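For reference, the chains in residue letters:
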Amino acid sequence: MTLPPSSSDGDFSSLFNFLSIGAYRSSPAGQMLRANRTLVQLNGYGTEAELLDAVNDIANEWYVDPTRRAEFKRQLDHDGYVRGFVSEVHRHKTRERVWISENAHAVHDPSGALLYFEGTVEDITDRIRDQQALRDSEEQLRLITAQMPGAVFSVYVRHNGEREYRFLSAGIRGLYGFEADDLMNNPTLLARYFHPEDRAVLERDRQAILAGATHLDTEFRVVLPDGRMKWICNRSSAVSADEHGFLRVGVLFDITDRKQAEEALSASETLWRLALESAGDGVWDWNLQTGEEYFSASIKAMFGYGEDDIANLSAELDARTHPDDLGQMEVDRAAHFEGRAPMYRNEHRIRCKDGRWKWVLSRGVVIARDEDGQPLRMVGTHTDITELKEAEAHQRALESQLRESQKMEAIGTLAGGVAHDFNNLLAAILGNLVLAREDVGEHHPAQESLAEISRAAIRARQLVQQILTFSRRQTQEMQRQPLKPLVEEALGLMRSLLPAGLKLVTRLPSAGLQVLSDATQMQQVLMNLCTNAWQSMEGGSGDITVALREVRLDASQALQLGGIASGAYACLSVADNGPGMDIETQRRIFEPFFTTKAPGAGTGLGLAVVHGIVKAHRGAIDVHSQPGEGTRFDVYLPLAADADAREGSAMAVGGASAPIRSAVAGKHVVYIDDYEALVFLVGRLLRKHGHQATTFESGEAALGWMRAHPEVAVDLVVSDQNMPGLSGVETAIEMRRLRPGLKIAIISGHVNDRLLAEANAAGVSDVMGKQDSMDALGEAIRDLLDRAA
């Protein structure tokens, strides 16, 4: 039922509805009689009437725990009022849970009969949740700190030095043996455990806290009741301050193991340093915070310094490090400091006291870092690797020489192949020119043009000969002979050719210096070197010095000169005082067609030919030059022993034999060459001289013809050696199987010992070098035919 408002309601009705907390009146049976606006809204309704109509049983409809209503009434019955009664209730309409705090009292009539209850309801949901969050946070902090080594604390320090611990984790038990509550109840307890020798340290920290220090990091010793000693580290930071004191938070943890390890390390470092010093390594110990660096006496002695010559600072050696090495040294240090490399390792140069540079291998490792992982201390060694570096540089120089030698060999092979084919073309041109001039007659108008063509072809053939000389494919007449007369003969010619202003200086020995050489080619070497010298002086004045001497090369010197054999050598030197050459020019001077002259002023083959001739003589050539200081070429030729005379006779191979003017006409010659124009030309030449000529462009074709015509007589077979398919020697082997007594000759542009041996085993009668002209080839064939007749 709803009671009418009392006479006094009107006096407080406006206040009733104005309250910011809920207010109500309910019957003893639990029926809602009145509710103010705040309570209506708390329950999710729009008007008081809606709420009063909806609520029937407060105990079951409102309280989450219905027994709370009984407890509420019990307190009312016992005391006549209830204050701060906290319960979880449902918003009546939405059923959303909220926390409330109730205050209520009973209202009686004058006779003492209970009329109704009046009270207030305050929404304290946020407060309850905050309290729960705080409890959860404190529990989490307790759990977290329980897992941490050491003890976490929060302490308030008053200006008079008194302390009040507001939080202390359970880890304090593991450090001191007492419970956290013991220290919180008696903050002076810690002082009983301090080591007597460390009390001054702790007093200094106390003064620092009172002075407002932000961060403190202190290490001290404590003595436990059982007599054991521990090292403790106290790290704390200031949080806030007020007029009474300072609030600080921090951590206490046991560093006894670390201190013991440091003591052991200090003892072992002494042994370590002694061991490394005895091994020849210099020892350093770097404090990265202060820059101080201990250098052992052997490090300073390594660079020629005395104990007091340089300070024990890292900057001292860094300042003496070669500028080109500083960048990589910093990179390698950073890689180790940042943990990307397990140790520091770097090779760099350091300037010695006498100004020399010495290479060192520096190795080290960080042995101490702060809590952020930043390096604090690093130890390591310096090892003198100067000799190793010099050996490596020497090795690189030898490897460079080997590469240059291989490159020159490759260029020579290429050039020789091109020259061989070009020689065949020129042979065809010159041969046809001879026939053409005979065909048109001596007084034909075309003779002048044909003569010009002939001169141009001859100049081209001379160029080809230079290329063949460079590639060492030109036929050589190797003889044991004194080198001095060859030099003197060439110098006699040179004196008449030298431009005005140039002086030729000679320094020749009394001995002849016997070498195994081709006289013409050795004179060409000297002529080319002298020509190169005077051309380098570009029309100015100067000296060209030619010297000859005997030298003995040891294994190291021989290796530096390209790997020639060690022993006695004749050294032919040509020096000038011209402009000299830079390193890049020296690297390329022996390449064919490389020249520093203006276009059209040279072929670039002069020094390449020299290089080819010297290599073919089993010698070496070296150049010494610097810009502005002239150039000197040294040619090394092995001195000939008595046994070399036999080698020279064995190596002597010729071109065509001396021409024999008469020949038996009417012979049948089979000629084989893969070059079509040459096959045509040789066939025409043979027929012109009254012979029968059968020509083929491959060994296979010639063999096929012989098998098909066994009845046809053949007086001579002349075959080129280098052909696609069957070579000349292979063709000779097959032909000798068909006709055992057949006379066969082979022509090659590169006659060597291996070819001579293979041809002899195949039953070849003669091996000839490539002829320079059709006349020479004709003379050679006539010679073979006359000897066969």
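Residues numbered from 1 in each chain as written. Predicted model: local features only at pLDDT ≥ 70, side-chain atom pairs only at ≥ 80, totals over all residues. Heavy atoms only, no water.

**Student:** So, the overall build of the chain: which residues are in play, and what are the values?
**Tutor:** A tally of regular secondary structure across the chain gives 26 helices and 27 strands. Burial analysis of the chain (789 residues in total) assigns 43% to the buried set. Of all intrachain contacts in the chain linking residues separated by at least 6 positions in sequence, the fraction that spans at least 24 positions is 59%. Accessible area of the chain: about 41,000 Å², with a carbon and sulfur share of 52%. (Helix = DSSP H or I, 4+ residues; strand = E, 2+ residues; numbered from the N terminus. Buried < 20%, exposed > 50% of the residue type's maximum accessible area, 1.4 Å probe, protein only. Contact = heavy atoms within 4.5 Å. Areas by Shrake-Rupley, 256 points an atom, 1.4 Å probe, with all protein chains shown as cover.)

**Student:** Help me get a handle on the environment of Thr 585, residues and values and all.
**Tutor:** Assignment of secondary structure puts Thr 585 in helix 19 (residues 583-588). Among the polar contacts made by the side chain of Thr 585, one reaches the side chain of Asp 582 at a distance of 2.7 Å. (Polar contact = N/O pair within 3.5 Å; in protein donor to acceptor, adjacent residues only side chain to side chain.)

**Student:** Lay out empty space enclosed by the protein in plain terms, naming residues and giving numbers.
**Tutor:** Any space left empty among the atoms is revealed by the rolling of a water-sized probe across them. One pass over the full model with this rule turns up six cavities of 30 Å³ or more. For the second largest cavity, the calculated volume is near 120 Å³. Considering the residues around the second largest cavity, the lining is formed by 16 residues, among which Glu 293, Asp 318, Arg 333, Ser 362 and His 382 are closest to the centre. For the lining of the second largest cavity, the secondary structure elements donating two or more residues are strand 11 (282-287), strand 12 (293-295), helix 12 (314-319), helix 13 (323-337), strand 13 (344-351) and strand 15 (375-384). Of the residues that constitute the lining of the second largest cavity, the class distribution is eight nonpolar, five polar and three charged. (1 Å grid on protein atoms, 1.4 Å probe; cavity = no way out; pocket = protein on both sides within 12 Å on 5 of 7 lines; lining within 4 Å. Points joined across faces, edges and corners; volume = space filled by probe spheres on them. Nonpolar A, V, L, I, M, F, W, Y, C, P; charged D, E, K, R; others polar.)

**Student:** Just give me the short version of the sheet that holds strand 27 (residues 766-769), but keep the residues and values in it.
**Tutor:** An order of 24-23-25-26-27 is seen for the five strands of this open sheet, with the pairing classed as parallel. The open sheet terminates on both sides in strands that have one partner only, identified here as strand 24 (692-696) and strand 27. Taking the axes of each pair of neighbouring strands and ignoring which way they run, one obtains an average angle of 20° across the sheet. Packed onto the sheet, helix 24 (residues 728-738) meets strand 23 (668-672), strand 25 (716-720) and strand 26 (744-748) and runs at close to 170° relative to strand 26. (Pairing = 2+ DSSP bridges. Axes fitted to C-alpha atoms, helices over the stretch in contact; angles between N-to-C directions.)

**Student:** So, unusual backbone geometry: which residues are in play, and what are the values?
**Tutor:** For Arg 95, which is not glycine, the phi dihedral falls at a positive 65°. Examined against the element boundaries, Arg 95 turns out to sit in the loop between strand 3 (81-90) and strand 4 (97-108). Even without a glycine there, the phi angle at Leu 513 is positive, about 60°. Mapped onto the elements, Leu 513 comes out in the loop between strand 17 (502-507) and strand 18 (514-517).

**Student:** Let's hear about the sheet that holds strand 19 (residues 542-553): which residues, and what values?
**Tutor:** Taken in spatial order, the five strands line up as 17-19-20-22-21 in an open sheet, and their pairing is mixed. Looking at which strands have only one partner, the edges of the open sheet turn out to be strand 17 and strand 21 (620-625). The sheet shows a mean angle of 20° between the axes of neighbouring strands, taken without regard to direction. In this structure, strand 20 (residues 567-576) lies alongside strand 22 (residues 631-638), joined through eight bridges in antiparallel fashion. Pairing of Cys 571 across the sheet is with Tyr 636, part of strand 22. Strands strand 17, strand 19, strand 20, strand 21 and strand 22 of the sheet are contacted by helix 17 (residues 519-536), whose axis makes an angle of about 30° with strand 20. Across the face of the sheet, helix 20 (residues 606-616) comes into contact with strand 21 and strand 22 while running at roughly 140° to strand 21.

**Student:** Outline the pairing of strand 7 (residues 163-168), supporting the account with residue identities and numerical values.
**Tutor:** Pairing geometry for strand 6 (residues 151-158) and strand 7, over five bridges, is antiparallel. Considered in strand 7, the bridge of Phe 153 is made with Leu 168. Taken together, strand 6 and the strand that follows it, strand 7, pair antiparallel across an intervening segment of four residues, in which Gly 161 is found at a positive phi of about 95°.

**Student:** So what about helix 23 (residues 699-708)? Which residues, and what values?
**Tutor:** Taken as a whole, helix 23 has its buried residues at Gly 699, Ala 702, Leu 703, Trp 705 and Met 706. Taken down its axis, helix 23 places every buried residue within 160° of arc, on the same side. Contact partners of the buried residues in helix 23: strand 23, strand 24, strand 25 and helix 24. (Arc of directions from axis to C-beta.)

**Student:** Give me the pattern of salt bridges: which residues, what numbers.
**Tutor:** For side chains of opposite charge, pairing can occur when their charged atoms come near one another. Within this structure, the stated rule accounts for 36 salt bridges. Taking the shortest distance from any N to any O, the salt bridge between Asp 384 and Lys 358 comes out at 3.6 Å. Of the two residues, Asp 384 is situated in strand 15 and Lys 358 in strand 14 (residues 357-369); the sequence distance between them amounts to 26 residues. With its nearest N and O atoms 2.4 Å apart, the salt bridge here joins Arg 684 to Asp 439. Placement of Arg 684 in helix 22 (residues 676-688) and of Asp 439 in helix 14 (residues 386-440) is noted, with a sequence separation of 245 residues between them. Residues joined by salt bridges that share partners form a network here, namely Arg 345, Glu 347, Lys 389 and Glu 392. (Salt bridge = Lys/Arg side-chain N within 4 Å of Asp/Glu carboxyl O.)

**Student:** Tell me about the packing of helix 17 against helix 20, and name the residues and values.
**Tutor:** Axis separation between helix 17 and helix 20 bottoms out at 9 Å; the angle between their running directions is 145°. The interaxial crossing formed by helix 17 with helix 20 has left-handed handedness. Residues Gln 521, Met 522, Gln 524, Val 525, Asn 528, Leu 529 and Asn 532 of helix 17 pack against Gly 606, Leu 607, Val 609, Val 610, Ile 613 and Val 614 of helix 20. The residue inventory of the contact of helix 17 with helix 20, partitioned by class, reads eight nonpolar, five polar and no charged. (Left-handed = near helix turned anticlockwise from the far one by under 90°.)

**Student:** Talk me through the packing of aromatic side chains; I want residue IDs and the actual numbers.
**Tutor:** Tallying each qualifying case throughout the model produces nine aromatic pairs. A ring pair is formed by Tyr 176 and Phe 178, whose centres lie 5.4 Å apart and whose planes are at 20°; its orientation type is stacked. Here Tyr 176 matches Phe 178 in class, with each residue buried. Through a chain of ring-to-ring contacts, the aromatic side chains of Tyr 176, Phe 178 and Tyr 193 assemble into a single cluster. A cation sits over an aromatic face here: Arg 83 above Tyr 81, 4.2 Å from the ring centre. The ring centre of Trp 231 lies 4.7 Å from the NZ or CZ of Lys 259, which sits over that ring. (Phe/Tyr/Trp six-rings, centres within 6.5 Å; stacked < 30°, edge-to-face > 60°. Lys NZ or Arg CZ within 6 Å of the ring centre and 35° of its normal.)

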